[in-house]
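Observations on the three-dimensional arrangement
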Amino acid sequence: MGLAMRGLSPEQLAQYERDGFLVLPNFTAQEEVDAMRKRAGEIVDAFEPSTFTVFSTKGQEQHIDRYFLDSAGGVGCFFEEGAFDAEGRQIKPKALAINKIGHAMHDLDPVFHAWCYSEAVAALSRSLGFRRPLPTQSMYIFKQPGIGGEVVPHQDSTFLYTSPPSVIGYWLALEDATKLNGCLWAIPGSHKAGVQRRFLRRPDDTTHFDGAAPTYSDADFVPLEVASGSLVLLHGALVHRSEENRSPRSRHAFTLHVLEGAPGIEYPATNWLQRPAPAVPLYDEPERAQECA
Ligand SMILES: O=C(O)CCC(=O)C(=O)O
Ligand SMILES: [Fe+2]
């Protein structure tokens, strides 16, 4: 039985608790990685860009982006800003122009569902202490060659808040991620400072941040260079980012965000992501909830 099936060792858990992230090499076999990449290619092929959204975490604009909001319960494709020239003409072929696919492949797509609901992911969730883990959001991130956009420093709990906070990101490298092609960077231990701001959805479906972006020092970030098939666990309060990809090599990754769904954990109506139907838990351990109470 592989490392992933057994869950985390006490040393790995201690490292995760200290740093707020953990790299698990060889979490997923290359055949499964290939199947996910192939499937993403098919989704993009089938995508008819009549309505589209350029995804950027930079903008603070207050507008209703229906395509984005609806992607909470669907499979939507979002363009890279750099795929268009100043006049708005698409200058990259579709397969090299998509920033990401989101946000419900874990529910709707058989290939991504199989990975998200695998025994390996469930075992990992158990050792992280989840009692009723809810796969809530999934994204396929392309980091396209030459134009792959920057992801500015953020905490995932800003976007997927629960009270108390519980989100953990399961970030799977589908290609080798290096400093050259825009790997993740994180500030070790930053998760201990708590959640700094929230991204809120108002009753009229406009969205905004409830505070300014904190400033972080570049020198505090460490690169998380990982090989294809590696999983990176990201604590919801960990400050992380990724740089533009100016290299000729893409950096595909699939990321699943899991929330605690045990009694007493509230998912606010003010989160941008409102699912059309409740998330299906990976497992449900009410008896463990009582033990802990
Ligand atoms: O893949 C990236 O560049 C950023 C991903 C990220 O922020 C996440 O999965 O939470
Ligand atoms: Fe993130």
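Summarised in this report is the structure supplied together with it. Worth saying up front: this structure is predicted, and the values here are computed from it rather than measured.

The next subject is the coordination of the iron ion (ligand 2). In the first shell of the iron ion (ligand 2), the protein supplies H154 (NE2), D156 (OD) and H240 (NE2), at 2.1 to 2.2 Å from the metal. As a motif over one chain, the donors of the iron ion (ligand 2) read H-x1-D-x83-H. We note that H154, like D156, is buried.

Ligand 1 sits among I141, K143, V151, H154, D156, W171, L184, H240, S242, R251, T255 and H257. In this structure, an oxygen atom belonging to ligand 1 sits 3.0 Å away from a side-chain N or O atom of H154. Separating an oxygen atom of ligand 1 from a side-chain N or O atom of W171 is a distance of 2.9 Å. Starting from 300 Å² of accessible surface for ligand 1 in isolation, the protein chains cover 97%. Those elements that provide at least two residues to the shell around ligand 1 are strand 6 (151-154), strand 13 (240-242) and strand 14 (253-260).

On the secondary structure map, D19 appears in helix 2 (residues 10-19). Residue classification places D19 among the buried residues on the basis of a relative accessible area of 10%. Within polar-contact distance, the side chain of D19 engages the side chain of R18 at 2.9 Å. Contact partners of D19, with chain neighbours within four places excluded, come to I187, P188, G189, H191 and L238.

On to the packing of aromatic side chains. A complete count under the given rule lists 14 aromatic pairs for this structure. Ring centres of F112 and Y140 lie 6.0 Å apart, and the angle between their planes is 75°; on these two criteria the pair is classed as edge-to-face. Remark: Y140 occurs in strand 5 (residues 133-141) and F112 occurs in helix 6 (residues 110-116); sequence separation between them is 28 residues. On the basis of relative accessibility, which here comes to 0%, the residue F112 falls in the buried class. The exposure class of Y140 is buried, given its relative accessible area of 0%. Between the aromatic rings of W115 and F254, the centroid separation amounts to 5.8 Å while the plane-to-plane angle is 90°, which identifies the pairing as edge-to-face. Pair noted here: W115 is in helix 6 and F254 is in strand 14, with a separation of 139 residues, a long-range link. Each member of the pair, W115 as well as F254, is classed as buried.

Turning our attention to the side chain of S157. Mapped onto the fold, S157 is located in helix 8 (residues 156-159). What makes S157 buried here is its relative accessible area of 1%. With residues near it in sequence (within four places) discarded, S157 still touches P165, V167, V195, G236 and A237.

Take the sheet that holds strand 6 next. The strands that make up a sheet are held in pairs by hydrogen bonds between backbone atoms, and each pair lies either parallel or antiparallel. Spatially, the four strands line up as an open sheet ordered 6-13-8-11, and their pairing is antiparallel. Each having just a single partner strand, strand 6 and strand 11 (222-224) make up the two edges of the open sheet. Across this sheet, the average inter-strand angle for adjacent strands is 25°, counted without regard to direction. Sheet topology places strand 8 (residues 184-186) next to strand 13; three bridges connect them, and they run antiparallel. If you follow A186 over to strand 13, its bridge partner there is H240.

About the cut-offs
Residues numbered from 1 in each chain as written. Chains lettered and ligands numbered in written order. Predicted model: local features only at pLDDT ≥ 70, side-chain atom pairs only at ≥ 80, totals over all residues. Heavy atoms only, no water. Donors = N, O, S within 2.8 Å, 3.2 Å for Na, K, Ca; no water. Buried < 20%, exposed > 50% of the residue type's maximum accessible area, 1.4 Å probe, protein only. Near = heavy atom within 4 Å. Polar contact = N/O pair within 3.5 Å; in protein donor to acceptor, adjacent residues only side chain to side chain. Areas by Shrake-Rupley, 256 points an atom, 1.4 Å probe, with all protein chains shown as cover. Helix = DSSP H or I, 4+ residues; strand = E, 2+ residues; numbered from the N terminus. Contact = heavy atoms within 4.5 Å. Phe/Tyr/Trp six-rings, centres within 6.5 Å; stacked < 30°, edge-to-face > 60°. Pairing = 2+ DSSP bridges. Axes fitted to C-alpha atoms, helices over the stretch in contact; angles between N-to-C directions.

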